[in-house]
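# Topology and contacts: notes
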Amino acid sequence: MGGRPGFGADGRRENMSSTFGTLFRVTTFGESHCKAVGAVVDGCPPRLALDETDIQKQLDRRRPGQSALATRRDEADRVTVLSGVENGLTLGTPIALMVANRDQRPGDYGHMRSVPRPSHADYTYRMKYGIHASSGGGRSSARETVGRVAAGAVAEKFLAEAYGVEIVAWVESVGEVRAEGLLEKEWGRAQVDAHRVRCPDPSAAERMEQAILQAKEENDSLGGVVACACRNVPAGWGEPVFDKLEAKLAQAMLSIPATKGFEVGSGFAGARLRGSLHNDPFVMKGDRLGTLTNYSGGIQGGISNGEPVVFRVAFKPPATIALAQKTVDFQGKDVILEAKGRHDPCVVPRAVPIVEGMAALVLADVALRQKTRW
Ligand SMILES: Cc1cc2nc3c(=O)[nH]c(=O)nc-3n(C[C@H](O)[C@H](O)[C@H](O)COP(=O)(O)O)c2cc1C
């Protein structure tokens, strides 16, 4: 009572919002133009085979400068494992993962210091903290997701080794271009990466690429949807009621910058169907009960049912565009903003490994929580 605001009765800070997870716990650190970004993973089981390449391959899929479809900021994003791993095995102690920020150009943002970018986080960060990082969105920048992807790769290794879980995300739509029927097939990452848009339907991928390049040419940006399937998730994962599996996935996905929507299984389209069509009848699948259809998205009552966990995440068009926009500066004076700097015309191709990483963090956490019950 009457303690410092933001501190509990025991003097501990109550607002540690950079930490995610209960037993498989991840804290990310870093801003867009500071010295390094990364994560500390606490609670990863010991004796798991892990080396830097397990992490690097996902960071390579997230990194900027991959193609003409992404920002030109050129970061190699080489991960260094600082602790928690010895001779290729996890020790069960905190795993600290660091990636240097090399291509910093804070000067690119000088002209935008006094103008909060429309639909970016400059205004809200200033309102919350009374200060904001001098350039590039600071902590709100997608640079922060480097830590999530690195930590997610550790979680994914644990899930694959311990349970055979496979997580594959892909781009389902870009702007008005949508690929149909993709959830019906079991895509692998090689098929997803065959096209730089990361849509496994080659004809839709080509149209998506053209749409992104056209928006870029016009100094504008485009949104899109990423779909994700998590296969071989055993029945029984997820903690009713507030930590239902879909609720944790929704939190994880909506914490990714630029996300505007989450749906599991049939999602919003399911709301238009009748129960007789929407129900997933049980059938025998080998020695277990399975379901004929998967409108539930592999989750019922907040608990996995053994079917693939499938969901979609909607991303908005990135806010920073070079097209002139009428807005006001922090003082309320009318200005025309033509943003400079290097920006993604569409984030979804790079968001694919971020979605996979966050899914892995959620699943590793619920896996460990389920283990404590038996
Ligand atoms: C992979 C990725 C790349 C992004 N690149 C940009 C970018 O180049 N320019 C930009 O304005 N926003 C970009 N964003 C989105 C912003 O970080 C985000 O919109 C901003 O922090 C405001 O947060 P909000 O959209 O979640 O409200 C990116 C997001 C992701 C996931």
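Here the structure is a predicted model, which means the values were calculated and not measured.

### Observations concerning the site of the ligand
Taken together, 14 residues are adjacent to the ligand, and Ser140, Ala258, Lys316, Thr320 and Asp344 come closest. In the model, an oxygen atom of the ligand is placed 2.7 Å from a nitrogen or oxygen of the aspartate 344 main chain. Alone, the ligand offers 630 Å² of accessible surface; in the complex the protein occludes 87% of this. Taken together, the residues of the shell around the ligand sort by class into 7 nonpolar, 4 polar and 3 charged.

### Let's talk about the packing of aromatic side chains
In the structure shown here, the tally under the stated rule is 4 aromatic pairs. Aromatic pair phenylalanine 158 and tyrosine 163: ring centres 6.0 Å apart, planes at 85°, arrangement edge-to-face. Taking the relative accessible area as the measure of exposure, phenylalanine 158 reaches 5% and is therefore buried. For tyrosine 163, a relative accessible area of 27% puts it in the partly exposed group. Centre to centre, the rings of tyrosine 163 and tryptophan 237 are 4.8 Å apart; their planes meet at 85°, and the pair counts as edge-to-face. Here tryptophan 237 lies in the loop between β10 (224–231) and α6 (245–254) and tyrosine 163 lies in helix α3 (residues 145–163), a separation of 74 residues in the sequence. Judged by relative accessible area, tryptophan 237 falls into the buried class, the value being 3%. Here the guanidinium or amino end of arginine 126 rests over the ring plane of phenylalanine 330, the centre of that ring lying 3.9 Å away. The positively charged end of lysine 128 is found above the aromatic ring belonging to tyrosine 129, 5.8 Å away from the centroid.

### As for the packing of helix α1 (residues 52–62) against helix α9 (residues 348–371)
α9 packs onto α1 with a crossing angle of 145° between their chain directions and a minimal axis gap of 7 Å. Between α1 and α9, the contacting residues are Gln58, Arg61 and Arg62 on the first element and Arg350, Val352, Pro353, Ile354 and Glu356 on the second. Taken together, the residues of the contact of α1 with α9 break down into 3 nonpolar, 1 polar and 4 charged.

### Let's talk about the pairing of strand β16 (residues 309–315)
Counting buried residues in β16 gives 6 out of 7 residues, a clear majority hidden from the surface. In this sheet, β16 lies alongside β10 in antiparallel orientation, the contact comprising 7 bridges. From the neighbouring strand, valine 226 faces β16, where its bridge partner is valine 313. Two elements, strand β11 (residues 259–264) and β16, share 5 bridges in a ladder whose sense is antiparallel. Each bridged residue has a counterpart across the sheet, and for glycine 261 the counterpart in β16 is alanine 314.

### Considering the nonpolar core
Counting residues in each nonpolar core, the largest one holds 83 residues, and the members touching the most others are Phe24, Leu159, Met253, Phe311, Val355 and Leu363. The leading source of residues in this core is α9, at 15 residues. Those residues in contact with methionine 253, other than ones at most four positions away along the chain, are Thr259, Phe262, Phe311, Val313, Val355, Met358 and Ala359.

### Topic: the pairing of strand β13 (residues 288–291)
With 4 bridges joining them, strand β12 (residues 282–285) and β13 adopt antiparallel strand pairing. Following the sheet pairing, valine 283 is matched in β13 by glycine 290. The antiparallel hairpin formed by β12 and β13 contains 2 residues in its connecting segment, where glycine 286 sits at a positive phi of about 65°.

### Points about the sheet that holds strand β2 (residues 25–29)
Across the sheet, which stays open at both edges, the 5 strands sit in the order β1-β2-β3-β7-β4 with antiparallel pairing between neighbours. Strands with a single pairing partner mark the edges of an open sheet, and in this sheet they are β1 (19–20) and β4 (79–81). Here 3 bridges tie β4 to strand β7 (residues 95–100), and the two strands are oriented antiparallel to one another. Along β7, the bridge assignment pairs valine 79 with valine 99.

### Description of the sheet that holds β10
Sheet strands associate in pairs through backbone hydrogen bonding, adopting either a parallel or an antiparallel arrangement. Taken together, 5 strands build an open sheet; the order of strands is β9-β8-β10-β16-β11 and the sheet is antiparallel. In this open sheet, the two strands that pair with only one neighbour each are β9 (177–178) and β11. Against the sheet, helix α5 (residues 202–217) contacts β8 (166–174) and β9, and its axis sits at roughly 60° relative to β8. The strands touched by α9 are β8, β10 and β16; relative to β8, the strand with the most contacts, the crossing angle is about 145°.

Reading the values: rules and limits
Residues numbered from 1 in each chain as written. Predicted model: local features only at pLDDT ≥ 70, side-chain atom pairs only at ≥ 80, totals over all residues. Heavy atoms only, no water. Near = heavy atom within 4 Å. Polar contact = N/O pair within 3.5 Å; in protein donor to acceptor, adjacent residues only side chain to side chain. Areas by Shrake-Rupley, 256 points an atom, 1.4 Å probe, with all protein chains shown as cover. Nonpolar A, V, L, I, M, F, W, Y, C, P; charged D, E, K, R; others polar. Phe/Tyr/Trp six-rings, centres within 6.5 Å; stacked < 30°, edge-to-face > 60°. Buried < 20%, exposed > 50% of the residue type's maximum accessible area, 1.4 Å probe, protein only. Helix = DSSP H or I, 4+ residues; strand = E, 2+ residues; numbered from the N terminus. Lys NZ or Arg CZ within 6 Å of the ring centre and 35° of its normal. Axes fitted to C-alpha atoms, helices over the stretch in contact; angles between N-to-C directions. Contact = heavy atoms within 4.5 Å. Pairing = 2+ DSSP bridges. Core = buried A, V, L, I, M, F, W, Y, C linked by side-chain atoms within 4.5 Å.

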